[in-house]
Amino acid sequence: MEPQTVKPEPEIVHKKPQVDESTLTHKELLRGPFWHRIPAYRNVTEEQFLDHTWQARHSITKAAKLLEALQGIVSAEFIEDATAGFRAAPMSVRVSPYLLSLIDWSRPYEDPLRTQFIPLASRLLPDHPKLGLDSLAEQADAPVPGLTHRYPDKALFLPLDTCPVYCRFCTRSYAVGIDTDQVDKVPLQVDRDRWRLAFRYIASRPELEDIVVSGGDAYNLRATQVREIGDTLLDIPNVRRMRFATKGPAVMPQKILSDRDWLDALTHVVERGRKMHKEVVLHTHFNHPSEITGITQDAMNVLFERGVLVRNQSVLQRGVNDAADTMRLLIKRMGHVNVHAYYVYIHDLVRGVEDLRTTLGAGLEVEKAIRGSTAGFNTPVFVCDAPGGGGKRDAHSYEHYDRVTGISVYTAPSVKHGRHFCYFDPIDLLPPEGSARWQDPGEHQPMIDAAIAAARHQAR
Ligand SMILES: *Cc1c(COP(=O)(O)O)cnc(C)c1O
Ligand code: SF4
């Protein structure tokens, strides 16, 4: 036999320094019984914890219950702070055991999940003087209660007003959740007559092609309601695209793994839509990398196998995801579980959460830092939903931005031609000169007028 001549493989020449695999932390997802860290869940089995009905039944809506669950692992001072925080909050409170288990209770003041869901009186800041309850003016653009038709070809349908959890920072605190000490809500319950009116309106507008089904939260629709809404919208000839919006995957992925009826209903609408050549997708809302666990991955894998595309809309929040490294880890981790990063919102002006907002300038810095770090379709567009109903604008597209007064001015030619819309940075983050001017109510209008005049000048 001839001796085999093995041609040596050419040496790989590295032009970039090698990366230590242990630094690729986006792939490290929390698994195992992490909920056992919470005293109240020490005896909860995996089967119970993965059951969405158990999650829903044990969700926490009162400070007293929170105290009970955390007995012995947080200080009395923290509980007192949270109790006062719950009382002052304009938003209802509801936290799933899943979320509670992901909070690092040795650092409750800094934890990004605690920050999003559990209000603390000690962290409250005064609201911005220009903040209104429905800052996006969704109701002014609603021809039918719970249907906002702002953009030419898309509309937002709010079929219900409940969610699996309640976020402190909810833009729709004017409607979502139960009445609180602070706010009487606009009623948007499940109501067949209201729904019918919304469907008739959509059918009467041939230009409407894209319907966002939000809420509240599509997770809280029954399986039959998901089918009913999905099938009715698919049957309207002008509807070409539809999304069900839910925070669910971020706060209770268990439902996707254990609520067969709901998952089948969603899959039915997606598959029927596909046969009709209409796109049906799921939009969700992860804000921090620690919201993505092994349970999330299992749930996202199920959706992926069923051909359900998932996109994500985050909100930029101070102390949660306003560090570039955190945002980069979030989008990489979402990509790892097949969730496309779609938007990062500059935080809306919402009551009672000034401590969560940050400046437009901070958002622009994060955007600059993360762009280029992963696939373009996994890189979110940073948007500012212009207060007063201008709609979402690319955060960079302001006509004018005064970093001293914190006023940025946007126009929205295809939404409300000729108008100017102002966004306001939180006052506590302005330079001293800017915050001093906001202390004087007589200065407010002149500052706004000057910003709009500068925007007009810029446009010429
Ligand atoms: C966000 C939103 C939509 C959907 O906008 P996209 O930019 O397509 O995600 C539609 N209607 C309203 C009122 C909205 O706020
Ligand atoms: S899940 Fe969405 S709609 Fe519900 S409270 Fe949170 S942000 Fe608001």
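Along each chain, the written sequence defines residue order, and numbers are assigned to residues from 1. Chain A is the first chain written and ligand 1 is the first ligand written, with later ones labelled in order. Selection of residues for local features in this predicted model requires a pLDDT of at least 70, selection of side-chain atom pairs for listing and counting requires 80 or more, and totals for whole chains, interfaces and linings are taken over all residues. With hydrogens and water set aside, each side-chain value is computed from the structure's full complement of heavy atoms.

Turning next to the packing of helix H13 (residues 324-336) against helix H14 (residues 360-370). Whenever a helix is involved, its axis is fitted only over the stretch in contact; in every case the axis is a line through C-alpha atoms, and angles between N-to-C directions fall within 0 to 180 degrees. Segments assigned H or I by DSSP are reported as helices when at least four residues long, segments assigned E as strands when at least two residues long, and all are numbered from the N terminus. Contact geometry for H13 and H14: axes closest at 9 Å, N-to-C directions at 55 degrees. Classed by the angle they form, the pair H13 and H14 counts as oblique. You can see that H13 and H14 cross each other, and the crossing is right-handed. Of H14, the residues touching H13 (which contributes Ala324, Met327, Arg328 and Ile331) are Val366, Ala369 and Ile370. The residue classification treats Ala, Val, Leu, Ile, Met, Phe, Trp, Tyr, Cys and Pro as nonpolar and Asp, Glu, Lys and Arg as charged. All others, Gly included, are polar. Split by residue class, the contact of H13 with H14 holds six nonpolar, no polar and one charged. Every angle not falling under 35 degrees, over 145, or within 65 to 115 is termed oblique; those three ranges are roughly parallel, roughly antiparallel and roughly perpendicular. Two helices that cross are described as forming a left-handed crossing if the nearer one is turned anticlockwise from the farther one by less than a right angle, and a right-handed crossing if clockwise. When checking whether two residues touch, look at their non-hydrogen atoms; a contact exists if any pair is within 4.5 Å.

Formed by 118 residues in total, the largest nonpolar core has its most connected members in Leu100, Ile118 and Phe244. Leaving out residues up to four positions away in the same chain, Phe244 has contacts with Val213, Ala218, Val226, Gly230, Leu266, Val269, Val280, Val281, Leu282 and His283. In this structure, Leu156, Tyr174, Ala175 and Val212 belong to the second largest nonpolar core, which totals six residues. Residues grouped as a nonpolar core are buried Ala, Val, Leu, Ile, Met, Phe, Trp, Tyr and Cys residues, joined through side-chain atoms within 4.5 Å. Residue burial is assigned from relative accessible area. The probe radius is 1.4 Å, only protein chains are included, and a residue is buried under 20% of its type maximum, exposed over 50%, and partly exposed in between.

Right, let's talk about the site of ligand 2 for a bit. Around ligand 2 sit Met91, Cys163, Tyr166, Cys167, Cys170, Val176, Gly216, Asp217 and Lys247, and those are all the residues in its vicinity. Classifying every residue of the shell around ligand 2 by side-chain character gives six nonpolar, one polar and two charged. The cutoff for a nearby residue is simple: one of its non-hydrogen atoms must lie within 4 Å of the molecule or strand.

Right, let's get into empty space enclosed by the protein. The rule is simple: put a 1 Å grid over the protein atoms alone, call a set of points where a 1.4 Å probe fits but cannot get out a cavity, call an open set with protein on both sides within 12 Å along at least five of seven lines a pocket, and count a residue as lining if it has an atom within 4 Å of a point. Grid points are joined across faces, edges and corners, and a volume is the space filled by probe spheres set on the points. As enumerated under the stated definition, the model contains two cavities of 30 Å³ or more in all. Of the volumes computed, that of the largest cavity is approximately 890 Å³. The wall of the largest cavity is formed by 41 residues, among which Thr171, Arg172, Ser214, Gln313 and Tyr345 lie closest to the centre. Listed by contribution, the elements that provide at least two residues to the lining of the largest cavity are strand S2 (154-157), strand S4 (241-245), strand S5 (279-284), strand S6 (310-315) and strand S7 (339-346). Looking at the lining of the largest cavity element by element, the count peaks at four residues for S7. A per-class count over the lining of the largest cavity returns 19 nonpolar, 12 polar and 10 charged. Here the second largest cavity is characterised by a volume of approximately 50 Å³.

This next bit is on the site of ligand 1. Within the structure, ligand 1 sits among Thr148, Tyr151, Lys154, Leu156, Val212, Arg243, Tyr342, Tyr343 and Lys392. Under this definition, polar contacts are N or O atom pairs within 3.5 Å; protein pairs additionally need one hydrogen-donor-capable and one acceptor-capable atom, and for neighbouring residues in sequence, both atoms have to be side-chain atoms. Here an oxygen atom of ligand 1 sits 2.5 Å away from a polar atom, N or O, in the side chain of Tyr343. Lys392 places a polar side-chain atom, nitrogen or oxygen, 3.2 Å from an oxygen atom of ligand 1. Protein coverage of the free-state accessible area of ligand 1, which is 390 Å², stands at 92%. In this structure the site holding ligand 1 corresponds to the largest cavity. Going through the elements one at a time, S2 and S7 are the ones with two or more residues in the shell around ligand 1. Residue composition of the shell around ligand 1, grouped by class: five nonpolar, one polar and three charged. In short, Shrake-Rupley with a 1.4 Å probe defines the accessible areas, and a residue's cover is counted only from the protein chains shown. Molecule-in-pocket calls rest on the fraction of atoms, with more than half required to lie within 2 Å of the cavity or pocket grid points.

Attention now goes to the pairing of strand S9 (residues 391-394). Bridging between strand S8 (residues 381-386) and S9 involves four bridges; their strand directions are antiparallel. Bridge pairing in S9 places Asp385 opposite Lys392. Taken together, S8 and the strand that follows it, S9, pair antiparallel across an intervening segment of four residues, in which Gly388 is found at a positive phi of about 95 degrees. Two strands pair under a simple rule: DSSP has to find at least two bridges between them.

Taking strand neighbours across the sheet as the criterion, the three strands line up as S10-S11-S12 in an open arrangement whose pairing is antiparallel. For this open sheet the edge positions go to strand S10 (400-402) and strand S12 (416-424), each flanked by a neighbour on one side alone. Sheet twist, expressed as the mean angle between neighbouring strand axes with direction ignored, is 20 degrees. Sheet analysis places S10 next to strand S11 (residues 407-412), joined by three bridges and oriented antiparallel. Each residue of the ladder has a partner; that of Tyr401, found in S11, is Ser408.

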